[in-house]
Amino acid sequence: MGAEPDRKQDAGHRRPCDQVRVRVPATSANLGPGFDAFGLALTLYDDLIVTPCGSGVTVQVTGCGEGEVPLDETHLVVRSIQAGLEALGAPVPGFTLRCENRIPHGRGLGSSSAAIVGGLAAAFALAGEPLDRERLVVLANEIEGHPDNVAAAALGGFTIAWTEGGTGRAVRLDPADGLAAIAYVPDNRVLTKQARGLLPGVVSHIDAAANAGKAALLVAAVTGRPELLLTATEDRLHQEYREPAMPESLALVHKLRGSGLAAIVSGAGPTVAVLGGHDGKSAGQSQFFRNTPEPPDGWAKYELEIDPVGVQVWSMEAG
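Residues numbered from 1 in each chain as written. Predicted model: local features only at pLDDT ≥ 70, side-chain atom pairs only at ≥ 80, totals over all residues. Heavy atoms only, no water.

The buried fraction of strand β1 (residues 17-29) amounts to 10 of the 13 residues, a majority that puts the element mostly inside the structure. Of the strand pairs in this sheet, β1 and strand β2 (residues 38-53) are connected by 10 bridges, and their pairing is antiparallel. Looking at β2, one finds that Val20 is bridged to Val50. (Buried < 20%, exposed > 50% of the residue type's maximum accessible area, 1.4 Å probe, protein only. Helix = DSSP H or I, 4+ residues; strand = E, 2+ residues; numbered from the N terminus. Pairing = 2+ DSSP bridges.)

Further remarks concern the packing of aromatic side chains. Taken as a whole and judged by the stated rule, the model has 2 aromatic pairs. Seen in terms of ring centroids, Phe38 and Phe158 are 5.4 Å apart; in terms of plane orientation they differ by 70 degrees. Their pairing is edge-to-face. You can see Phe38 sitting in strand β2 and its partner Phe158 sitting in strand β5 (residues 158-164), a full 120 residues away along the chain. Both residues of the pair, Phe38 and Phe158, count as buried. On the basis of an interplanar angle of 45 degrees and a centroid distance of 5.4 Å, the ring pair of Phe288 and Phe289 is categorised as tilted. (Phe/Tyr/Trp six-rings, centres within 6.5 Å; stacked < 30°, edge-to-face > 60°.)

This brings us to the packing of helix α1 (residues 76-87) against helix α2 (residues 111-126). The interhelical angle for the contact between α1 and α2, taken along N-to-C directions, is 40 degrees, at an axis separation of 7 Å. When the axis of α1 is compared with that of α2, the two are oblique. When the axes of α1 and α2 are compared, the crossing they make is right-handed. Here α1 contributes Leu76, Val77, Ser80, Ile81, Gly84 and Leu85 to the contact with α2, which in turn contributes Ser112, Ala115, Ile116, Gly119, Leu120, Ala122, Ala123 and Leu126. Of the residues in the contact of α1 with α2, the class split is 10 nonpolar, 4 polar and no charged. (Axes fitted to C-alpha atoms, helices over the stretch in contact; angles between N-to-C directions. Parallel < 35°, antiparallel > 145°, perpendicular 65-115°, else oblique. Left-handed = near helix turned anticlockwise from the far one by under 90°. Contact = heavy atoms within 4.5 Å. Nonpolar A, V, L, I, M, F, W, Y, C, P; charged D, E, K, R; others polar.)

Turning next to helix α4 (residues 148-155). With respect to burial, α4 is a largely interior element, 8 of its 8 residues being buried. Along α4, the positions that sit buried rather than exposed are Asp148, Asn149, Val150, Ala151, Ala152, Ala153, Ala154 and Leu155. For α4, the secondary structure elements touched by its buried residues are β1, β2, α2, α3 (133-144), β5 and β6 (167-173). After α4 finishes, the residue Gly156 shows a positive phi value of roughly 75 degrees.

Before going further, it helps to examine the sheet that holds strand β8 (residues 262-265). Taken in spatial order, the 4 strands of this open sheet run β8-β9-β7-β10, and their pairing is antiparallel. Since the sheet does not close on itself, it has two edges, and those belong to β8 and β10 (300-305), each with one partner. Averaged over all pairs of adjacent strands, the angle between strand axes in this sheet comes to 25 degrees, irrespective of strand direction. Examined bridge by bridge, strand β7 (residues 179-185) and β10 share 6 bridges and lie antiparallel to one another. Residue pairing in the sheet places Val185 in a bridge with Ala300 of β10. Of the strands in this sheet, β7, β8 and β9 (272-277) are in contact with helix α8 (residues 247-258), which crosses β8 at around 165 degrees.

This part covers the state of the cysteines. A full pass over the atoms with the stated rule returns 0 disulfides. Not engaged in a disulfide, the cysteine Cys64 finds its nearest cysteine sulfur in Cys99; these two sulfurs lie 12 Å apart. (Disulfide = S-S within 2.5 Å.)

The next point concerns the nonpolar core. By size, the foremost hydrophobic cluster in this structure holds 69 residues, and its most contacted members are Leu40, Leu97 and Val117. In terms of residue count, the dominant contributor to this core is α2 (11 residues). When neighbours within four sequence positions are excluded, Leu40 is seen to be in contact with Ala26, Thr27, Ser28, Leu31, Ala152, Gly157, Phe158, Leu179, Val222, Leu275 and Ile306. Core analysis: the second largest hydrophobic core is formed by 20 residues, Val190, Ala245, Leu256 and Ala268 among them. (Core = buried A, V, L, I, M, F, W, Y, C linked by side-chain atoms within 4.5 Å.)

Encoded structure:
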């Protein structure tokens with residue numbers, strides 16, 4: 001994860017910037033048995049442009065969420081920028097925020113985590129601080145409440161996240177060469193709170209043990225043995241319990257798995273993701289992408305690879 005920040009750089013040594021640009025990836029969490037722990041960063045991105053100004057906040061949004069999300073200080077990116085600056089002990093300026101969104105909202109692809117991680121990353125640049133990805137995970141978890149998606153958005157690749165004394169932690173592992181994902185995204189949304197509300201308070205020891213074994217196997221599958229993905233993505237803890245909120249998604253998972261594809265519910269759903277090996281060819285020529293069916297009516301299909309780096313930040317310094 002990110003290196004420890006230079007504690008010698010105090011507010012007096014910070015250099016202001018004229019503009020900050022941030023690119024943050026979509027993520028898929030859980031991946032079947034890794035409930036609230038596993039995450040993958042995907043090559044679908046939101047772009048943010050933050051331009052400091054004298055006072056006040058102006059928000060512009062294009063793409064996903066346009067006409068739906070607030071355009072004031074209640075916007076999640078704005079709140080994350082402000083929270084980050086306060087945590088870094090930096091002044092909170094007025095600014096203009098422009099969001100170019102490609103990650104669908106409320107579909108299980110980490111749109112809220114992307115907003116939080118993107119806003120916090122922008123705060124580091126606005127404060128003149130180097131991006132500390134480990135601290136970024138800690139701060140993002142405090143806002144999001146669980147670290148699986150934010151870890152993947154911050155670190156890229158394949159991540160395993162947990163909380164320790166209430167603090168978000170994560171490690172990043174390199175996924176196997178050629179690992180890729182198909183995302184089947186429906187029109188309807190499912191709120192994470194609604195999906196979590198369907199989960200039982202207690203599960204059987206048999207199911208818990210089965211998931212522990214499959215989660216361990218999934219680490220091996222994702223990092224080097226993709227031929228094991230179908231078996232390793234079996235889940236007994238959360239997906240079936242969520243069927244009342246997303247019956248079409250679970251039906252698609254069962255259909256795809258029945259045809260030998262490693263299909264899972266992405267995050268809290270309702271997006272269905274398929275993991276597999278990609279031969280390095282372009283999306284239209286890759287055997288993995290060609291062997292996956294077209295989406296159901298009213299669904300979109302995204303052919304994605306694994307983002308290797310997580311959130312990226314560019315800044316133009318003043319003066």
